[in-house]
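Chain and residue survey
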Amino acid sequence: MTVTVKKPATYQDLCALPETVVGELVAGELVASPRPANRHAGATTTLVGELSGPFQWGRGGPGGWWIFHEPELHLGSDILVPDLAGWRRTRMPVYPDEPFFTLAPDWVCEALSPSTASFDRVKKMPVYMREQVGHVWLIEPVNRTLEVFRREHDRWVLAGNYAGDQLIRAEPFEAMELSLEMLWYPSRLPAR
């Protein structure tokens, strides 16, 4: 009988991937996902634009955050690339001059698609829990929904479930009202 032992993937394996994919390592498994679809990229780009002024730069809001688009996180042996991530400046007064972060963020946002939803929920959320990320937002641009999860001890609690064109105040950014409608790009032009 022949036994094949699969060796864990390495950072070198991740770096060898083509630039057309997003590579991540979770529990020794290399996962390559296509770059985000336009609808997903649009939603996260708009969201980071809405949050950066008041929360990163203090324009019309409290400031006190660093917010990044697709940061590479080195969390123990896992390497994740959330769509967005934010750190409170009280925990990270200046951001590191490195190509990746080793300090877990306080907030992450994942834009879900049919090809990534299971991976984000089943594989990545437990890593975020282990690393004590305070909040996870799951956005589904096609369904126009936002789920907000808060870490409480050793479990995720649904702190908010939003859809459509609601005006919301969502943790940890409840100091500002956010229009969900701004995140959703039309799938076709309106009829004339």
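Look up: the structure comes first, before these words.
Quick look at the structure, then.

Calculation notes
- Residues numbered from 1 in each chain as written.
- Predicted model: local features only at pLDDT ≥ 70, side-chain atom pairs only at ≥ 80, totals over all residues.
- Heavy atoms only, no water.
- Helix = DSSP H or I, 4+ residues; strand = E, 2+ residues; numbered from the N terminus.
- Rg over C-alpha atoms; globule rule 2.2 N^0.38 Å.
- Buried < 20%, exposed > 50% of the residue type's maximum accessible area, 1.4 Å probe, protein only.
- Salt bridge = Lys/Arg side-chain N within 4 Å of Asp/Glu carboxyl O.
- Pairing = 2+ DSSP bridges.
- Axes fitted to C-alpha atoms, helices over the stretch in contact; angles between N-to-C directions.
- Expected span 1.5 Å × (residues − 1).
- Bend = angle between axes of the 7 residues up to and from the residue.

This part is about the overall build of the chain. Per the secondary structure count, the chain includes three helices and twelve strands. What you see for the chain is a C-alpha radius of gyration of 17 Å, in line with the 16 Å of a compact globule of 192 residues. A principal-axis box enclosing the C-alpha atoms of the chain has dimensions of 65 × 50 × 30 Å. In the chain, which comprises 192 residues, the proportion classed as buried is 46%.

So, on to the pattern of salt bridges. Per the stated rule, a full pass over the model turns up eleven salt bridges. E70 serves as the salt-bridge partner of R35, at 2.6 Å between the closest nitrogen and oxygen. Residue R35 is found in the loop between strand 2 (29–34) and helix 2 (38–56), and its partner E70 is found in the loop between strand 3 (65–69) and strand 4 (73–75); the two are separated by 35 residues along the sequence. Connected via shared salt-bridge partners are E24, E110, D120 and K124.

In space, the six strands of this open sheet follow the order 3-6-7-8-9-10, with mixed pairing throughout. One side of each edge strand has no neighbouring strand; the edge strands of this open sheet are strand 3 and strand 10 (155–163). Sheet twist, expressed as the average angle between the axes of neighbouring strands with direction ignored, equals 15°. One ladder, built from three bridges, connects strand 6 (residues 84–88) with strand 7 (residues 107–111); its direction is antiparallel. Pairing of A85 across the sheet is with V108, part of strand 7.

Turning to helix 3 (residues 117–130), a few remarks are in order. When the terminal C-alpha atoms of helix 3 are compared, their 19 Å separation across 14 residues agrees well with the 20 Å that a helix rising 1.5 Å per residue should span. Taken as a whole, helix 3 carries its principal kink of about 40° at K124; the proline P126 stands between one and four residues after it. Considered for burial, the residues of helix 3 that qualify are A117, F119, D120, K124, M125, V127, Y128 and M129. Q132 lies just past helix 3 and shows a positive phi near 65°.

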